[in-house]
Every structure is written in structure tokens, then in C-alpha cells.
Amino acid sequence: MNVKLFVNQNPFSKNVAHELTQILKQHHFKIDKTNYEIAISIGGDGAFLRMVKKTKFNPNIYYIGIHTGTLGFLPEVLPTELEDFVCYLENQKYQIDEIGILETTVECEENSKQFLSLNEIVVRDKKLNSVTLDIEIEHELLERFNKISKKSPIFYKWSDE
């Protein structure tokens, strides 16, 4: 089976990538940058999302992440579990979760653009401020979001219910 690694450029991620590469080769996996069935990110959620975006959300690729980043909701494997991970992979003892892809069209006065995402989108203006948006699903208004001044913070409090 062919594997491609998508590695964050910090020293820890690079070291984990080197170790994983050695283990994969010992178990007769091939590291291939162009023809692969498995894509492995080494980093946090950002690395995982960049990997999926670079591969254009290819439905023929299996995705997994090694967690070496700060946030790690998407990466499932810890660096201390590399050997076990490769053994599970080799013996095809893993679970496949199918996740949906969100197709979003952002329409502005002058143009529109389509995006793919996994779980959320963030839309900002050129200065990276939030914007006023009408959110529609199938041409029905779902929600209207308004830009909030930086001078008026919003506080959230969780209810006891």
C-alpha cells in the first residue's frame, strides 16, 4: 500500500515523520508523493485540513492524522502509538468513518466563489474582520449575521439546564 505524508515544518513533527517513515518501510509500505491510497498528516487540525484541501477532498484516499500539534480534534494517533498504528494498518484492523463535505458558495456583488470544507467556514473581509452575511440553504434564509464592533464584546454563559 502506498502512503503520502503531509508534515508540519516544526522539528517535533519532522522527527515523528522520520520515525513513522522508518516504521512504514519496515512493514513494506511505500512512501509515494503522487500515487497513494493513504494520506497521513503529522501536526494538528490545521495540518489535517491542509492535507485534505491539497488532495482536493479525494474520495479515493483514506485520511488519518498523527497528533503533534496544539489542537487535535481530527488527528487520531499519538506519536507514542506509531508502531501500533502501522500494525493496525498492515493488518487492516481499523474503522472507517465517512464524513460529509460541506459545499459553500460565497456570493458577493461582483462575483461568487465555491469552497469545500469539512466542518465549518469562516468568511472575513480583506482586513480579516467579520462581515454581515445572509446564510441561505437551498435559497431559504437560515440566519443573518451582522458585523459587530470591536468595542462591543459578546460574553457567553452556559446555562445549568
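Basis of the calculations
Residues numbered from 1 in each chain as written. Predicted model: local features only at pLDDT ≥ 70, side-chain atom pairs only at ≥ 80, totals over all residues. Heavy atoms only, no water. Helix = DSSP H or I, 4+ residues; strand = E, 2+ residues; numbered from the N terminus. Contact = heavy atoms within 4.5 Å. Buried < 20%, exposed > 50% of the residue type's maximum accessible area, 1.4 Å probe, protein only. Pairing = 2+ DSSP bridges. Right-handed = clockwise from strand over helix to strand, strands pointing away. Arc of directions from axis to C-beta. Axes fitted to C-alpha atoms, helices over the stretch in contact; angles between N-to-C directions. 1 Å grid on protein atoms, 1.4 Å probe; cavity = no way out; pocket = protein on both sides within 12 Å on 5 of 7 lines; lining within 4 Å. Points joined across faces, edges and corners; volume = space filled by probe spheres on them. Nonpolar A, V, L, I, M, F, W, Y, C, P; charged D, E, K, R; others polar.

Below, the discussion takes up the side chain of threonine 104. Relative to the assigned elements, threonine 104 resides in strand S5 (residues 102-107). Each residue touching threonine 104, except ones within four places of it in the same chain, is listed here: Lys113, Gln114, Phe115, Ser117 and Ile121.

This paragraph deals with the pairing of strand S3 (residues 38-43). The side chains of a regular strand alternate, residue by residue, between the two faces of the sheet. In terms of residue burial, S3 counts as a mostly covered element, since six of its six residues are buried. Of the two faces of S3, the one lined by Ile38, Ile40 and Ile42 and the one lined by Ala39, Ser41 and Gly43 are each fully buried. With five bridges connecting them, strand S1 (residues 2-7) and S3 associate as parallel partners. Looking at the pairing, valine 3 lines up with isoleucine 38 of S3. Looking at chain direction, S3 and strand S4 (residues 62-67) are connected through six bridges and run parallel. Its bridge partner being in S4, isoleucine 38 is matched across the sheet by tyrosine 62. As for the winding sense of the linkage, the β-α-β connection from S3 through helix H2 (residues 45-54) to S4 is right-handed.

This part is about the environment of arginine 50. For arginine 50, the location among the structural elements is in helix H2. Sequence separation between arginine 50 and phenylalanine 6 is 44 residues, and the spatial gap between their C-alpha atoms is 8.5 Å.

What helix H3 (residues 82-90) keeps buried is the set Leu82, Phe85, Val86 and Leu89. The buried residues of H3 occupy one face: seen down the axis, they fall within an arc of 95°. At its buried positions, H3 is contacted by helix H1 (11-26), S3 and S4. Glutamine 92 occupies a position one or two residues after H3 and carries a positive phi of about 50°.

With that out of the way, let us pick up the sheet that holds S1. Reading across the sheet, the four strands line up as S2-S1-S3-S4 and stay open at both edges, with parallel pairing between neighbours. Looking at the sheet topology across the chains shown, the edges are occupied by strand S2 (30-31) and S4. As judged from the two bridges shared by S1 and S2, these two strands associate in the parallel manner. Looking across to S2, one finds that valine 3 is bridged to isoleucine 31. Here H1 sits on the sheet and contacts S1, S2, S3 and S4; the angle it forms with S1, its principal contact strand, is near 170°.

Let us look at the layout of surface pockets. Here the second largest pocket defines a volume of roughly 1100 Å³. If you go around the second largest pocket, you meet 30 residues; those closest to its centre are Tyr63, Ile64, Gln95, Ile96 and Asp97. Within the residue set of the lining of the second largest pocket, elements represented by two or more residues are H2, S4 and H3. Classifying every residue of the lining of the second largest pocket gives 21 nonpolar, three polar and six charged.

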